[in-house]
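Here is what each chain is made of, one letter per residue.
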Amino acid sequence: MSSSSETSSPQAPLYLIVDTSTKNCAIALANTSGIIYSKLWETAYNPTSELLPNIMTALSHMDLTLNRIAGIGIAVGPGGFSSIRTGISVVKGIKMASGIPVIGFNTLDATAYHYIDNQNLITAVLAIGKGYFAWADYQIVNRSLRLIGNQKVGQETDLLTRKHTDTSYCGEGASILFGNVNASARKDVHVLPYQAEDRINGLTQLVICHFSKNPTISNLLEPIYLREPTIGKKNS
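(A) Examining the sheet that holds strand β9 (residues 144–155) more closely. Taken in spatial order, the five strands of this open sheet run β9-β8-β7-β10-β11, and their pairing is mixed. Of all strands in the sheet, those bounded by a partner on one side alone are β9 and β11 (190–191). Note: strand β7 (residues 121–129) against strand β8 (residues 132–141), eight bridges, orientation antiparallel. Across the sheet, the residue bridging to alanine 127 is phenylalanine 133, located in β8.

Below you can see the structure in the form of structure tokens.
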């Protein structure tokens, strides 16, 4: 899935946004008003062979080169181990080659931020592979996310058995988890409508907000996993 617009000003800052947190990956090009091009695709939690070609295709489609990009934003997890590593490695490589400032954001924050204008309490949920989910509860205050407690990771039963009162669930994981829940049997569960582009939209808003205030400031792009990798673990 892709969309594009040719309305960006030649002088306006342009940003590259990357999200490989889950099997549903996305990239976007944005100006200060929002997304001008996006591409979403599904992968098997390892977008190594797809990410950089998709970035170059996006730039070519918009008749751009990397030297027109003023900043890069990326979702750093939680999510799948291989997918997060791939995204961060590619963005770090671009930064080393070009010097473009980069900023990383928590993927749960990006999931929740899409709904920041119309909710008070929200629980963002991600499906992070191997039957696990990551989630976080937020209170929205003055268009800012305030984390309630800690980010959590668990399996389906951990989420289904928690108290759901007063919060609205959002994100890819909520759609998967509660999609088959009988609404009449679970009146305490409020699930917000989900579309595949919601997370990249939320991430883009966070990236634009950051670079509008701090156009040259980068961070270290530390991955957020929330659980230990199963690759390479010895069986006990």
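Further notes follow.
(B) Fine view of helix α2 (residues 81–98). With 18 residues, α2 should cover 26 Å at 1.5 Å per step; its first-to-last C-alpha distance of 26 Å lies within 8% of that length. If you follow the buried residues of α2, they end up packed against β2 (14–19), α1 (51–61), β5 (69–75) and β6 (102–105). Note on α2: the residue one or two positions beyond its end, glycine 99, has a positive phi of about 80°.

(C) Spatial organisation of the environment of histidine 164. Tracing the chain through its elements places histidine 164 in the loop between α4 (156–160) and β10 (168–170). Using a relative accessible area of 1% as the deciding quantity, one classes histidine 164 as buried. Distance from histidine 164 to histidine 190, taken between C-alpha atoms, is 8.1 Å for residues 26 residues apart in sequence.

(D) Layout of helix α6 (residues 198–213). End to end, α6 covers 23 Å across 16 residues, agreeing with the expected 22 Å (1.5 Å per residue, within 8%). Within α6 the residues assigned to the buried category are Asp198, Arg199, Ile200, Gly202, Leu203, Thr204, Leu206, Val207, Ile208, His210 and Phe211.

(E) Seen up close, the pairing of strand β3 (residues 24–31). Among the eight residues of β3, seven are classified as buried, and the element is accordingly described as predominantly covered. The sheet contact formed by β2 and β3 spans five bridges and is antiparallel. Paired with valine 18 across the two strands is isoleucine 27, which belongs to β3. Hairpin remark: β2 followed by β3, antiparallel, with four residues in the connecting loop. Relative to strand β4 (residues 34–42), β3 is paired through eight bridges, and the arrangement is antiparallel. Bridge pairing in β4 places alanine 30 opposite isoleucine 35. If you look at the hairpin formed by β3 and β4, you'll find two residues sitting between the two strands.

(F) Expanded view of the packing of α1 against α2. Running from amino to carboxyl end, α1 crosses α2 at an angle of 50°, the nearest separation of the two axes being 10 Å. In terms of axis orientation, α1 runs oblique to α2. Mapping the contact onto sequence places Leu51, Leu52 and Ile55 in α1 and Thr86, Gly87, Val90 and Ile94 in α2.

(G) A look at the pattern of salt bridges. Under the defined criterion, the tally for this structure stands at five salt bridges. Residue arginine 162 is joined to aspartate 137 by a salt bridge in which the shortest nitrogen-to-oxygen separation is 2.7 Å. One end of the pair, arginine 162, is in the loop between α4 and β10; the other, aspartate 137, is in strand β8, with 25 residues separating them in the sequence. A single burial state applies to arginine 162 and to aspartate 137, both of which are buried. Note that glutamate 172 and arginine 199 form a salt bridge whose closest N and O atoms lie 2.9 Å from each other.

Calculation notes
- Residues numbered from 1 in each chain as written.
- Predicted model: local features only at pLDDT ≥ 70, side-chain atom pairs only at ≥ 80, totals over all residues.
- Heavy atoms only, no water.
- Pairing = 2+ DSSP bridges.
- Helix = DSSP H or I, 4+ residues; strand = E, 2+ residues; numbered from the N terminus.
- Expected span 1.5 Å × (residues − 1).
- Contact = heavy atoms within 4.5 Å.
- Buried < 20%, exposed > 50% of the residue type's maximum accessible area, 1.4 Å probe, protein only.
- Axes fitted to C-alpha atoms, helices over the stretch in contact; angles between N-to-C directions.
- Parallel < 35°, antiparallel > 145°, perpendicular 65-115°, else oblique.
- Salt bridge = Lys/Arg side-chain N within 4 Å of Asp/Glu carboxyl O.

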